[in-house]
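# Notes for the structure review
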Amino acid sequence: MADIFEKLRNGVVCQDLEQTYAVAKELASTIGNDCALALSGDLGTGKTAFVKGLALALGIEQTVKSPSFNICCVYNIPDGRTLVHIDAYRFNDGSQFEDLLIEEIAPEPRVVCVEWAEIVKDYFEPDYWLHFDIVDGAHTIKLA
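The model shown is predicted, which means the values in this text are computed figures rather than measured ones. (Residues numbered from 1 in each chain as written. Predicted model: local features only at pLDDT ≥ 70, side-chain atom pairs only at ≥ 80, totals over all residues. Heavy atoms only, no water.)

## Focus on the pairing of strand β3 (residues 72-76)
One ladder, built from five bridges, connects β3 with strand β4 (residues 82-87); its direction is antiparallel. Directly across from V74, in β4, lies its bridge partner V84. The hairpin turn running from β3 into β4, its antiparallel successor, is five residues long, and G80 in that turn takes a positive phi close to 105°. (Pairing = 2+ DSSP bridges. Helix = DSSP H or I, 4+ residues; strand = E, 2+ residues; numbered from the N terminus.)

## Considering the sheet that holds β3
Pairing is mixed in the open sheet, where seven strands are placed in the order β1-β7-β6-β2-β5-β4-β3. Both outer strands of the open sheet, β1 (12-14) and β3, are each paired with one neighbouring strand and no more. On average, each strand axis in the sheet is tilted by 20° relative to the strand beside it, whichever way the strands run. Contacting β1, β2 (35-40), β6 (128-135) and β7 (138-143), helix α2 (residues 17-28) runs over the sheet at an angle of about 140° to β1. Contacts from helix α3 (residues 47-57) reach β2, β4, β5 (110-115), β6 and β7, with the element oriented near 155° to β2. (Axes fitted to C-alpha atoms, helices over the stretch in contact; angles between N-to-C directions. Contact = heavy atoms within 4.5 Å.)

## Here's the deal with the packing of aromatic side chains
The way to describe two aromatic rings as a pair is by their centre distance and the angle between their planes. Inspection of every chain in the model, using the stated rule, returns four aromatic pairs. With centroids separated by 5.5 Å and ring planes inclined at 65°, the aromatic side chains of F50 and F132 adopt a geometry described as edge-to-face. A residue pair is termed long-range when its members are at least 10 positions apart, and F50 in helix α3 and F132 in strand β6 qualify at 82 residues. Using a relative accessible area of 0% as the deciding quantity, one classes F50 as buried. (Phe/Tyr/Trp six-rings, centres within 6.5 Å; stacked < 30°, edge-to-face > 60°. Buried < 20%, exposed > 50% of the residue type's maximum accessible area, 1.4 Å probe, protein only.)

Interpretation note: all reported values are geometric properties and have no functional meaning in isolation.
This is the structure we're talking about:
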């Protein structure tokens, strides 16, 4: 059976929300205590849904919302880590990423997920870069 990284390298097709959550759950079981995920793709391709699934897999019971208006949302993971969910879509440039002061609002260990990460690529070094797309009506997730 292929591991999640091999599956993601080949691209995973998600026909529905449950499948997106399943991919997020499988990834959540393999990432380390301190991890950063870059999420790229057009509007509506499943980035926020993926983070919601990741949060569920990490044991977060709080409702995870899109950080589009807040820019950054922070959730406590029951094991003592923090999930930081950032939406860089409205940034004028990547330097605004530094203004979030992530180290201060969510000290390590933490899991950081940045939607629209291509905007902050010069200021954010992810462990994994995931690209989201819609192909023939199905959502796809691929490790870049």
